[in-house]
Amino acid sequence: METSIQLQEHAAALNFFSRYNERKIEKMLELFSPSAVAAFIPLGDDGAGKVEGIGRYLWTGLIDSFPDISNTIKKSRIDQHGSLICEVNIGGTQVKDFAGIPNKGLRFNSDHIFIFRFNEQGLIESISVNWDHQDLCRQLGGEA
């Protein structure tokens, strides 16, 4: 049985994905603490930093390059460290070059793992995102 804090954290994650589906970057960022950090694992050091920097940059670029981008939460759970882990399917049709992947008008459909950690105020303190980058590039007609 989940605690009330865990329920609040699940609600915050649901809000994040809902705002992502609505393509509302500013509303997404409101859910993070000012010191929040992000790690987009397949991008290595280039994909790690402050949410206000790297998160804003990547999410803005994704929404601009994939204007029909959408996500569906497949399942979520709390791990032994208290982090919220969400398995999410994300898809969209490319209309602009993105992250070195030339636009060929192709669609991707990719499973991602999001790991959220929250602070005592219920704001997201860190987010880690992982996906099969080679498969994503392949779907878009590029190379990893």
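Conventions and cut-offs
Residues numbered from 1 in each chain as written. Predicted model: local features only at pLDDT ≥ 70, side-chain atom pairs only at ≥ 80, totals over all residues. Heavy atoms only, no water. Helix = DSSP H or I, 4+ residues; strand = E, 2+ residues; numbered from the N terminus. Buried < 20%, exposed > 50% of the residue type's maximum accessible area, 1.4 Å probe, protein only. Contact = heavy atoms within 4.5 Å. 1 Å grid on protein atoms, 1.4 Å probe; cavity = no way out; pocket = protein on both sides within 12 Å on 5 of 7 lines; lining within 4 Å. Points joined across faces, edges and corners; volume = space filled by probe spheres on them. Nonpolar A, V, L, I, M, F, W, Y, C, P; charged D, E, K, R; others polar. Expected span 1.5 Å × (residues − 1). Core = buried A, V, L, I, M, F, W, Y, C linked by side-chain atoms within 4.5 Å. Pairing = 2+ DSSP bridges. Axes fitted to C-alpha atoms, helices over the stretch in contact; angles between N-to-C directions. Phe/Tyr/Trp six-rings, centres within 6.5 Å; stacked < 30°, edge-to-face > 60°.

Colleague: In this structure, what is going on with the environment of Ile54? I would like to understand it.
Modeller: Along the chain, the position of Ile54 falls in helix H3 (residues 51-65). Judged by its relative accessible area of 14%, Ile54 is buried. When the C-alpha positions of Ile54 and Leu7 are compared, they lie 28 Å apart, and in sequence the two are 47 residues distant. For Ile54, the contacting residues outside a window of four places in its chain are Ala38, Phe40, Asp46, Gly47, Ala48 and Gly49.

Colleague: Sorry if this is basic, but what is going on with the layout of surface pockets here?
Modeller: Empty space left among the atoms is revealed by rolling a probe the size of a water molecule over them. Counted as a void, the largest pocket has a volume near 290 Å³. Elements with a minimum of two residues in the lining of the largest pocket: H3, strand E5 (107-118), strand E6 (124-131) and helix H4 (133-139). For the lining of the largest pocket, the per-class residue count stands at 17 nonpolar, two polar and one charged.

Colleague: I would appreciate a short explanation of H3 in the present structure.
Modeller: Every α-helical turn comprises 3.6 residues, leaving residues that sit three or four positions apart pointing alike. With 15 residues, H3 ought to run about 21 Å at 1.5 Å a step, and its terminal C-alpha atoms sit 19 Å apart, in line with that. When H3 is considered as a whole, its buried residues turn out to be Val51, Ile54, Gly55, Leu58, Trp59, Gly61, Leu62, Ile63 and Ser65. In this fold, the buried residues of H3 make contact with helix H1 (4-21), helix H2 (25-29), strand E1 (32-40), strand E2 (48-50), strand E4 (84-93) and E6.

Colleague: Any chance you could explain the nonpolar core here in plain terms?
Modeller: Generally speaking, soluble globular proteins have nonpolar side chains that are buried together. Membership of the largest hydrophobic core comes to 38 residues, with the highest contact counts inside it found for Phe16, Tyr20, Trp59, Phe114, Phe116 and Ile127. Breaking this core down by element, the ones donating at least two residues are H1, H2, E1, H3, E4, E5, E6 and H4. In this structure, Ile127 is in contact with Phe16, Phe32, Val37, Ala38, Ala39, Val51, Trp59, Phe114, Ile115 and Phe116, ignoring residues within four places of it in sequence.

Colleague: Which parts of the structure should I look at to understand the sheet that holds E2?
Modeller: Hydrogen bonding along the main chain pairs the strands of a sheet, whether they run parallel or antiparallel. Reading across from one edge, E2-E1-E6-E5-E4-E3 is the order of the six strands in this open sheet, with mixed pairing throughout. The open sheet has two free edges, formed respectively by E2 and strand E3 (70-78), since each of these has just one partner strand. Averaged over neighbouring strand pairs, the angle between their axes works out to 20 degrees when direction is ignored. With seven bridges joining them, E5 and E6 adopt antiparallel strand pairing. In the sheet register, Ile113 faces E6, and the bridge partner there is Asn130. Against the sheet, H3 contacts E1, E2, E4 and E6, and its axis sits at roughly 60 degrees relative to E1.

Colleague: Quick question: what am I supposed to make of the packing of aromatic side chains here?
Modeller: Each aromatic ring pair is summarised here by two numbers: the centre-to-centre distance and the angle between the ring planes. Inspection of the entire model under this criterion finds 14 aromatic pairs. Judged by centre distance (4.9 Å) and plane angle (85 degrees), the rings of Phe17 and Phe114 are edge-to-face. One end of the pair, Phe17, is in helix H1; the other, Phe114, is in strand E5, and 97 residues separate them in sequence. By relative accessible area, Phe17 is classed as buried at 2%. Classification of Phe114 as buried rests on a relative accessible area of 2%. An aromatic cluster of three or more residues is present, and its members are Phe16, Phe17, Tyr20, Phe32, Phe40, Trp59, Phe114, Phe116 and Phe118.

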